[in-house]
Amino acid sequence: MSSIVRLRFAPSPTGHLHVGGARTALYSYLYAKGHDGEFILRVEDTDEERSTEEAMKSQLEALDWLGLRWDEGPDAETLVDRGDHGPYRQSQRLAIYKKYSDQLLAEGLAYYCFLTDEEIDAQREKAKGTVGAFQVESPYREWTLEQAQKRIDAGENAVVRFKADRSKTHYQFKDLVRGDVKFPSDMVGDFVLLRSSGMPVYNFCCVIDDALMQMTHVFRSEEHLNNTLRQLMIYEALGFQIPEFGHFSMILGEDKQKLSKRHGATSVQQFRDRGFLPDALINYLALLGWTHPKEEEILPKADLVSSFGLDRITSSPAVFDEKKLTWINANHIKRLDKDRLWGLLEPRLKAAGLELPTESTWIEKSLQVFSSYLETLEDAVSLYQPISPKHFDIDAAADQVFEWDTSKSVFEAWKSILSATDSEFLSEEQFVQAQDQVKESCGVKGKNLFMPIRVAIIGKPHGAELKILVPLVSKSELLRRVDLVLAKA
RNA sequence: GUUCCCUUCGUCUAGAGGCCCAGGACAUCGCCCUUUCACGGCGAAGACACGGGUUCGACUCCCGUAGGGAACGCCA
């Protein structure tokens, strides 16, 4: 028995990784790493209908992007297993589940059941209105293995049902998040272990894998809390050591309903595409249900690892707030060094078709101007657009400026003063000087002076400080722009 | 219906009987900085679901009620 802490994340590959799953994975990862333990990835692909290879790849990729690297499990790129407890895809562990199913069958703790869907529906129909939860009553419960085998040999399909143990009145366990939880044992009936296809069902393989893969802790979402009863029964029947359980509450949408697609972005990839940093997403997710001991909020991953603990987890559900995520993201962007930031921005600017200078001094200057405006990486596109030669246009917000009778003289003065300068790029000082000259020559000041100049330069009445913006645009381009504005005035 | 879980500002939360006529953060609003905007600084508004106990004292403990959620599958 190893004493090292081991936790796993076990997604079912039926779609993209969404933020709820990501948070469960994160908490497991943080707990494992904070205890010098191991983080394992297992793929629960026993639902043949819905599981796809594509979804599996997508989930692994998302987890990898988040930086939640696993010590064991399929490799994100090659999908080749790494670790001593494999295989890590349940669809490749069928023989193992069969073996344990046979064991329970032989011990009389499970039985073959030939009930058809129609018969079960009929039972359910009949039970309507009666007190208590519906439970399947199987007439095959006490059949011997030999009896059942005969029908199977005759070609009939059977599921393997667990014989729910009624000798105890309650099953109890200590949940790391919720404290003592107690279930009446008659809460569940004889549930299915193996489908008629031979495919095992979630609760069965989950227990076997968690035990065989030597998990010390099992963290999962609250919706699994009730499943724990069945799993406890299976642990007991198989004689496995029971791990510690922790059930985190769910993530809700604004309407307090379980977060789903109709709430907007929910998958990790969507946030990635929209320009969120993995560390920011992780930071936000960690705070959704957990607080830092000193209530600090902007936390790099390393701080998360060192300060995370179950004692500060909340057990009530939390509403996902994109505004706060955005704020956290902006903070992480501000902490990025300029080279890294540009490395992240450049591909997005290119993808948007912007043609920008490539000299490092220009890049550095531009970042100085714009970095305080970035809430997401994607914001860079609209920020850089005004200084990209191809993308100049006059914004509707500039309309008011054209209505002032002083604006035209400002445009003209700006043009003539600009024409008179001889450098290709204006320096900050040159621009400030030029601005003063415009002021003198037309006798206009304040808003009536600065707004038209701004419009002549970026086509909008608001934006980053001009004296740092102007040096980023060539004189010829500035002239082209003032002409366009003049044509409209 | 049955069982289980949950309930502090709009949102995320602090609070482990007196420190709380409840603190922080996001969002909102106002002021300052800035001859724009953003960043930043300062400030305002804003909550213990309800009802009973226990106690000298309850946001904190107990019991109900209400509300929300989950499970009751050959989904996970």
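Since the structure is predicted, the reported quantities are computational estimates derived from the model, not experimental observations.

Parameters at a glance
- Residues numbered from 1 in each chain as written.
- Chains lettered and ligands numbered in written order.
- Predicted model: local features only at pLDDT ≥ 70, side-chain atom pairs only at ≥ 80, totals over all residues.
- Heavy atoms only, no water.
- Helix = DSSP H or I, 4+ residues; strand = E, 2+ residues; numbered from the N terminus.
- Rg over C-alpha atoms; globule rule 2.2 N^0.38 Å.
- Buried < 20%, exposed > 50% of the residue type's maximum accessible area, 1.4 Å probe, protein only.
- Contact = heavy atoms within 4.5 Å.
- Areas by Shrake-Rupley, 256 points an atom, 1.4 Å probe, with all protein chains shown as cover.
- Lys, Arg positive; Asp, Glu negative; His and termini not counted.
- Charge placed at Lys NZ, Arg CZ, Asp CG, Glu CD.
- Pairing = 2+ DSSP bridges.
- Axes fitted to C-alpha atoms, helices over the stretch in contact; angles between N-to-C directions.
- 1 Å grid on protein atoms, 1.4 Å probe; cavity = no way out; pocket = protein on both sides within 12 Å on 5 of 7 lines; lining within 4 Å.
- Points joined across faces, edges and corners; volume = space filled by probe spheres on them.
- Nonpolar A, V, L, I, M, F, W, Y, C, P; charged D, E, K, R; others polar.
- Domains from an automatic or database assignment.
- Salt bridge = Lys/Arg side-chain N within 4 Å of Asp/Glu carboxyl O.
- Near = heavy atom within 4 Å.
- Polar contact = N/O pair within 3.5 Å; in protein donor to acceptor, adjacent residues only side chain to side chain.
- Expected span 1.5 Å × (residues − 1).
- Phe/Tyr/Trp six-rings, centres within 6.5 Å; stacked < 30°, edge-to-face > 60°.
- Lys NZ or Arg CZ within 6 Å of the ring centre and 35° of its normal.

### With respect to the overall build of chain A
Then step 1. Helices and strands together make up the secondary structure of chain A, namely 20 helices and 13 strands.
Then step 2. For a compact globule of 489 residues, the expected C-alpha radius of gyration is about 23 Å, and chain A comes in at 32 Å, more than 25% above that figure.
Then step 3. In terms of overall dimensions, chain A has C-alpha extents of about 105 × 50 × 40 Å along its principal axes.
Then step 4. Burial analysis of chain A (489 residues in total) assigns 49% to the buried set.
Then step 5. Intrachain contacts of chain A at a sequence separation of at least 6 include 74% that bridge at least 24 residues.
Then step 6. Total accessible area on chain A is roughly 23500 Å²; 48% of this is exposed by carbon and sulfur atoms.
Then step 7. Within chain A, the 75 negative side-chain charges are centred at a point lying 2 Å from the centre of the 60 positive side-chain charges.

### Structural notes on the sheet that holds strand E5 (residues 110-113)
Then step 1. Pairing is antiparallel across the open sheet formed by 3 strands, whose spatial order is E5-E6-E9. At either margin of the open sheet sits one strand with a lone partner, and together these are E5 and strand E9 (192-194). Direction aside, the axes of adjacent strands within the sheet are offset by 40° on average.
Then step 2. As defined by bridge partners, E5 adjoins strand E6 (residues 159-162) across 4 bridges and the pair is classed as antiparallel. Each residue of the ladder has a partner; that of Cys-113, found in E6, is Val-159.
Then step 3. The strands touched by helix H3 (residues 94-106) within the sheet are E5, E6 and E9, with E5 carrying the most contacts at an inclination of about 100°.

### Examining the layout of surface pockets
Then step 1. Space inside the largest pocket adds up to approximately 990 Å³.
Then step 2. Along its surface, the largest pocket is lined by 36 residues, and Pro-11, Ser-12, His-18, Glu-223 and His-224 are the ones closest to its centre.
Then step 3. Those elements that provide at least two residues to the lining of the largest pocket are strand E1 (6-9), helix H1 (19-34), helix H6 (202-212) and strand E10 (217-221).
Then step 4. Among the elements that take part in the lining of the largest pocket, H1 stands out by supplying 4 residues, more than any other.
Then step 5. Of the residues that constitute the lining of the largest pocket, the class distribution is 11 nonpolar, 15 polar and 10 charged.
Then step 6. The two domains that each donate at least three residues to the lining of the largest pocket are domain 1 (6-90 + 251-319) and domain 2 (93-248).

### Some thoughts on the pattern of salt bridges
Then step 1. Counted according to the given criterion, the structure contains 31 salt bridges.
Then step 2. Two residues, Arg-42 and Asp-210, come together in a salt bridge whose shortest N-O distance is 2.8 Å. Of the two residues, Arg-42 is situated in the loop between strand E2 (38-41) and helix H2 (53-66) and Asp-210 in helix H6; the sequence distance between them amounts to 168 residues. Both residues of the pair, Arg-42 and Asp-210, count as buried.
Then step 3. Linking Glu-61 and Arg-272 is a salt bridge whose minimum nitrogen-to-oxygen distance equals 2.8 Å. Of this pair, Glu-61 sits in helix H2 while Arg-272 sits in helix H8 (residues 268-273), placing them 211 residues apart in sequence.
Then step 4. Several salt bridges converge on common partners, so that one network encompasses Arg-8, Arg-42, Glu-44, Arg-93, Asp-209 and Asp-210.

### Quick notes on the protein's contact with RNA strand B
Then step 1. In the vicinity of RNA strand B there are 62 residues, among which Arg-178, Arg-195, Glu-297, Tyr-373 and His-462 approach most closely.
Then step 2. For RNA strand B, the backbone portion of the atoms within 4 Å of the protein, that is sugar and phosphate, comes to 69%.
Then step 3. Take Asp-47: an N or O atom from its side chain is 2.8 Å from a sugar or linking oxygen of RNA strand B.
Then step 4. One nitrogen or oxygen atom from the main chain of Tyr-202 is found 3.0 Å from a phosphate oxygen belonging to RNA strand B.
Then step 5. Secondary structure elements with two or more residues in the surface near RNA strand B: helix H4 (117-127), E6, strand E8 (179-184), helix H7 (227-238), strand E13 (318-319), helix H11 (322-335) and helix H18 (447-458).
Then step 6. Considering every element that reaches the surface near RNA strand B, the biggest residue donor is H11, with 4 residues.
Then step 7. For the surface near RNA strand B, the residue count by class is 22 nonpolar, 17 polar and 23 charged.

### So, helix H17 (residues 428-442)
Then step 1. Between its terminal C-alpha atoms H17 stretches 22 Å, which fits the 21 Å expected from 15 residues at 1.5 Å a residue.
Then step 2. Taken from the residues just after H17, Gly-443 is the one with a positive phi, measuring 65°.

### Brief notes about the environment of Asp-165
Then step 1. Counting through the fold element by element, Asp-165 comes out in the loop between E6 and strand E7 (170-175).
Then step 2. Owing to a relative accessible area of 25%, Asp-165 belongs among the partly exposed residues under this scheme.
Then step 3. Separated by 24 residues in the primary sequence, Asp-165 and Gly-189 place their C-alpha atoms 9.1 Å from one another.
Then step 4. Among all residues touching Asp-165, those that are not within four sequence positions of it are Tyr-171, Ser-185, Met-233 and Glu-236.

### Remarks on the packing of aromatic side chains
Then step 1. With the rule as written, the count across this model stands at 22 aromatic pairs.
Then step 2. With 5.5 Å between their ring centres and 40° between their planes, Trp-290 and Phe-308 make a pair best called tilted. Of this pair, Trp-290 sits in the loop between helix H9 (278-287) and helix H10 (301-307) while Phe-308 sits in the loop between H10 and E13, and the two are 18 residues apart along the sequence.
Then step 3. Among the residues examined, Trp-290 registers a relative accessible area of 2% and is labelled buried.
Then step 4. Members of the aromatic cluster, joined through ring pairs, are Tyr-27, Tyr-31, Phe-219, Phe-248, Trp-290 and Phe-308.
Then step 5. The aromatic ring of Phe-114 is capped on one face by Arg-151, whose charged end is 4.6 Å from the ring centroid.

### Details of the side chain of Arg-89
Then step 1. Within the secondary structure layout, Arg-89 lies in the loop between strand E4 (81-82) and H3.
Then step 2. There is a polar contact of 3.2 Å between the side chain of Arg-89 and the side chain of Glu-53.
Then step 3. Discounting residues that sit within four places of it in the chain, Arg-89 has contacts with Val-43, Asp-45, Glu-53 and Met-56.

### A word on H18
Then step 1. Here H18 contains 12 residues, and its C-alpha end-to-end distance of 16 Å stays within 8% of the 16 Å for a straight helix at 1.5 Å per residue.
Then step 2. Burial analysis of H18 places 9 of its 12 residues in the buried class, which makes it a mostly covered element.
Then step 3. Those residues of H18 lying buried are Leu-449, Met-451, Pro-452, Ile-453, Arg-454, Val-455, Ala-456, Ile-457 and Ile-458.
Then step 4. The inward-facing, buried residues of H18 contact helix H15 (399-403), helix H16 (407-420), H17, helix H19 (466-469) and helix H20 (475-488).

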